[in-house]
Each structure stands twice: as C-alpha cells, then as structure tokens.
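Tertiary structure, described
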Amino acid sequence: MKIIFSPCPNDTFIFHALVHGLIPGTPTFDVTYADIDITNKLAVSPDGPDIMKISYGALPWASSEYALLPCGGALGRGCGPLVLTNDNSMTPTTLAGKRVAVPSERSTAYLLFRLWTAQQVPGGVGEIVVMPFHEIMPAVRDGLVDAGLVIHEARFTYHTFGLSLLTDLGNWWEEDTNLPIPLGAIIARRTLNLKQITEWIQSSVEHAWAHPELSREYIMSHAQELSVEVAQAHIDLYVNKFSANLGDDGFAAVFALLSRAAKEGLVPEIDLEALRW
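Quantities reported herein were computed from a predicted structural model and do not represent experimental measurements. (Residues numbered from 1 in each chain as written. Predicted model: local features only at pLDDT ≥ 70, side-chain atom pairs only at ≥ 80, totals over all residues. Heavy atoms only, no water.)

1. Thoughts on helix α7 (residues 169-177)
Of all the positions in α7, only Leu 169, Gly 170, Trp 172, Trp 173, Glu 174 and Thr 177 are classed as buried. On the buried face of α7, the contacting elements are β5 (82-85), α4 (108-120), β8 (147-150), β9 (164-168), β10 (181-189) and α12 (247-263). Two or three places before Gly 170, at the opening of α7, Asp 168 has a side-chain oxygen 2.9 Å from that residue's backbone nitrogen. (Buried < 20%, exposed > 50% of the residue type's maximum accessible area, 1.4 Å probe, protein only. Helix = DSSP H or I, 4+ residues; strand = E, 2+ residues; numbered from the N terminus. Contact = heavy atoms within 4.5 Å. Polar contact = N/O pair within 3.5 Å; in protein donor to acceptor, adjacent residues only side chain to side chain.)

Pasting the structure below:
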C-alpha cells in the first residue's frame, strides 16, 4: 500500500508504528516522503498514492477521489502559520502591494493568509511567489521578497534568521472563530476500507504516545538537521487529541475554513457534510 507524508517530526512520529509493522494486521507500506506542495498536487492526480498527507486547503480539489480520514492530521491551537519580514517597522497596511513568498497556493496557510489580508491589508498584497518552505526565511532575510508565510518548525527558528513577526495567523484565526486551526489532513482513496485504515492510524498514534522512545531515531533521521529539542517541540505542538480523532471541534474548524474560503472564491464549493462519512 502506497503512503506519502512529510519528513516533519509530527508525521514521522504519528506514522512510525504503522509503517514499521508495529500495528497488527496491517499490510506492508511503500513510503514516500514529500513536501506538502508536492502532495497537494498529487491529490488531483490519477496516479496518486493510497494514503497521503495534504493541506486542508487542498481538500476541495481532492475530495472526488479521496475521503478525509478523521485522524492522523494536524489541527490545534497556538500552532498557526506566521507572516515574517526583515523590516520590524512593517505593518499590515504597509504590506499592501508587496512581494510575498508562500509554501503553496493550495494550503491552509495560504487560505488563512488570504482571509487575513482581505480583512487587514487594504488593497491586498502584490506578487505571490511559491517556493519550498525551507527556502522562504532565507529569501525574506536576503530581501528577495518583502515577507514570507512560514509553517512547521519556522515558528521556533525564525529569530535565527533575524526576522520579525508581522502576524501570527493562528492567533488571528482563533480569535476570529474560537476554533482550532486545521492545517494538515490525511486522505485515503474512497475505494479502500476507510474504517480499517482509520483504526490503523489511530493505533499508530496511540502507539507513538505510549512508546515515544521507539520512534526517536526514525524521527531524527528525517528531521532535516533539526535539533532533538526543536523536533520534540514540533511534535508537542502538532500532535494532540485531534491527531487521534477530529471530533466535533475539529470538523467545525474544517467546515469554517473551507466555507469561508469558498465564499472568497479561493476554493471550489464542496459538500462539507459529506466529509463526515
């Protein structure tokens, strides 16, 4: 069975037991590690894998072929994307017309950014430049772009690039909706046994929590030169109760994001209730 997720610590922590044969009754998994922008594009391909991690922002394009699984993803509070600059005097108003780097145009981070700019940036921003997330902070530092939308461990490391925080989009979203931030989703092909796959992933999450020491070497081998402390902070932030089960609050957050984005013309409208199968 083919599965794709990122090499980030939260994903490798969650899926360690599943892809290492530690969950009884599971098949052998053919694992590919890929950045979220790659998986977002694969979600609309007929050659996509059986299971993969994508952004909730890409879900409307993938929903015809894939079903949302109620576990394994990334939702939470205090873990949203950041907008960074190398000019600590910049404000939302002066961001108008500026060049901004983003990790994907089909990502939750991008949707949050666009929803925020519609409220806070008069006239909107200028050019949007898509680049791999690990290249964004150097580009902002070096003046190649005026601001950058960052995700993942950049929350913990942007200070080392001499960058300033313009806004925390997670804080804005939580204050505006009183809901958690829906970041990454796990989807599986509708032709598969979705209930069984859900149970496998939930078991893998529970195994990771019960035996964190077993996954440590695997996590660090894919952690892209992160320190053990930063990798653990990443896991602590992004792996939580929503990773085991979206629940009512999780689904409400997904519905709020996608319905708001559809009203702004950022994503196609879909039957949100159909996501709960």
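Alright, that's what it looks like, and here's the rest.
2. Focus: the environment of Cys 71
On the secondary structure map, Cys 71 appears in strand β4 (residues 66-76). Sequence separation of Cys 71 and Lys 41 is 30 residues, and the distance between their C-alpha atoms is 21 Å. Apart from residues lying up to four places away in sequence, Cys 71 is in contact with Ile 186, Thr 198, Ile 201, Gln 202, Phe 242, Ser 243 and Ala 244.

3. Focus on the sheet that holds strand β7 (residues 128-130)
Spatial strand order, β7-β6-β8-β5-β9: five strands in an open sheet with mixed pairing. With one partner strand each, in any of the chains shown, β7 and β9 form the two edges of the open sheet. On average, each strand axis in the sheet is tilted by 25° relative to the strand beside it, whichever way the strands run. Here four bridges tie β5 to β8, and the two strands are oriented antiparallel to one another. The residue bridging Thr 85 from the neighbouring strand is Ala 147, located in β8. α4 rests against β5, β6 (100-102), β7, β8 and β9 of the sheet, and its axis sits at about 130° to β8. Sheet contacts for helix α5 (residues 133-141): β5, β6 and β8; angle to β8, the most-contacted strand, approximately 160°. (Pairing = 2+ DSSP bridges. Axes fitted to C-alpha atoms, helices over the stretch in contact; angles between N-to-C directions.)

4. With respect to the packing of α4 against α7
Across the interface, α4 lies against α7 with an axial gap of 10 Å and an inter-helix angle of 70°. As summarised for this structure, α4 and α7 are arranged roughly perpendicular, according to the angle between their axes. For the pair α4 and α7, the sense of crossing is left-handed. Contacts between α4 and α7 involve Ala 109, Leu 112, Phe 113, Leu 115, Trp 116, Gln 119 and Gln 120 from the first element and Leu 169, Trp 172, Trp 173 and Asp 176 from the second. Of the residues in the contact of α4 with α7, the class split is eight nonpolar, two polar and one charged. (Parallel < 35°, antiparallel > 145°, perpendicular 65-115°, else oblique. Left-handed = near helix turned anticlockwise from the far one by under 90°. Nonpolar A, V, L, I, M, F, W, Y, C, P; charged D, E, K, R; others polar.)

5. Brief notes about the sheet that holds strand β1 (residues 2-5)
The five strands lie next to each other as β2-β1-β3-β10-β4, forming an open sheet whose pairing is mixed. Only two strands of the sheet have a single neighbouring strand rather than two, namely β2 (30-33) and β4. On average, each strand axis in the sheet is tilted by 25° relative to the strand beside it, whichever way the strands run.

6. What about the packing of aromatic side chains?
Going through the model one piece at a time under the given rule, you end up with five aromatic pairs. Ring geometry for Phe 5 against Phe 15: centres 4.7 Å apart, planes inclined by 15°, an arrangement best described as stacked. Here Phe 5, found in strand β1, pairs with Phe 15, found in helix α1 (residues 9-19); they are 10 residues apart in sequence, far enough to count as distant. For the pair shown, Phe 5 and Phe 15 are each scored as buried. Geometrically, the ring pair formed by Phe 251 and Phe 255 is tilted, given 6.1 Å between the ring centres and 55° between the ring planes. (Phe/Tyr/Trp six-rings, centres within 6.5 Å; stacked < 30°, edge-to-face > 60°.)

7. A word on the packing of α1 against helix α10 (residues 228-238)
Relative to each other, α1 and α10 sit at 70°, their axes nearing to 8 Å. Between α1 and α10, the crossing angle belongs to the class labelled roughly perpendicular. Here Pro 9, Asn 10 and Phe 13 of α1 lie close against α10, whose contacting residues are Ala 231, His 234, Ile 235 and Tyr 238. When the residues that make up the contact of α1 with α10 are grouped by side-chain class, the tally is five nonpolar, two polar and no charged.

8. Re the pairing of β4
Along a regular strand, successive side chains alternate from one face of the sheet to the other. With 11 of 11 residues buried, β4 is to be regarded as a mostly interior element. Examined bridge by bridge, β4 and β10 share seven bridges and lie antiparallel to one another. If you follow Leu 69 over to β10, its bridge partner there is Ile 186.

9. Quick word on α5
Residues of α5 that are buried include every one of Phe 133, Ile 136, Met 137, Pro 138, Ala 139 and Val 140, and no others. The inward-facing, buried residues of α5 contact β5, β6, β8 and α6 (154-157). Count one or two residues on from α5 and you reach Gly 143, which has phi positive near 80°.

10. Re the nonpolar core
Counting 58 residues, the largest nonpolar core has Ile 54, Tyr 56, Leu 95 and Phe 113 as the members making the most contacts within it. Here this core gets nine residues from one element, more than from any other, and that element is α12. When sequence neighbours within four positions are dropped, the list of residues in contact with Tyr 56 reads Leu 68, Ala 74, Leu 75, Thr 108, Pro 182, Leu 183, Gly 184, Ala 185, Leu 246, Val 254, Leu 257 and Leu 258. Residues Ile 14, Leu 69, Ile 201 and Val 239 belong to the second largest nonpolar core, which totals 27 residues. (Core = buried A, V, L, I, M, F, W, Y, C linked by side-chain atoms within 4.5 Å.)

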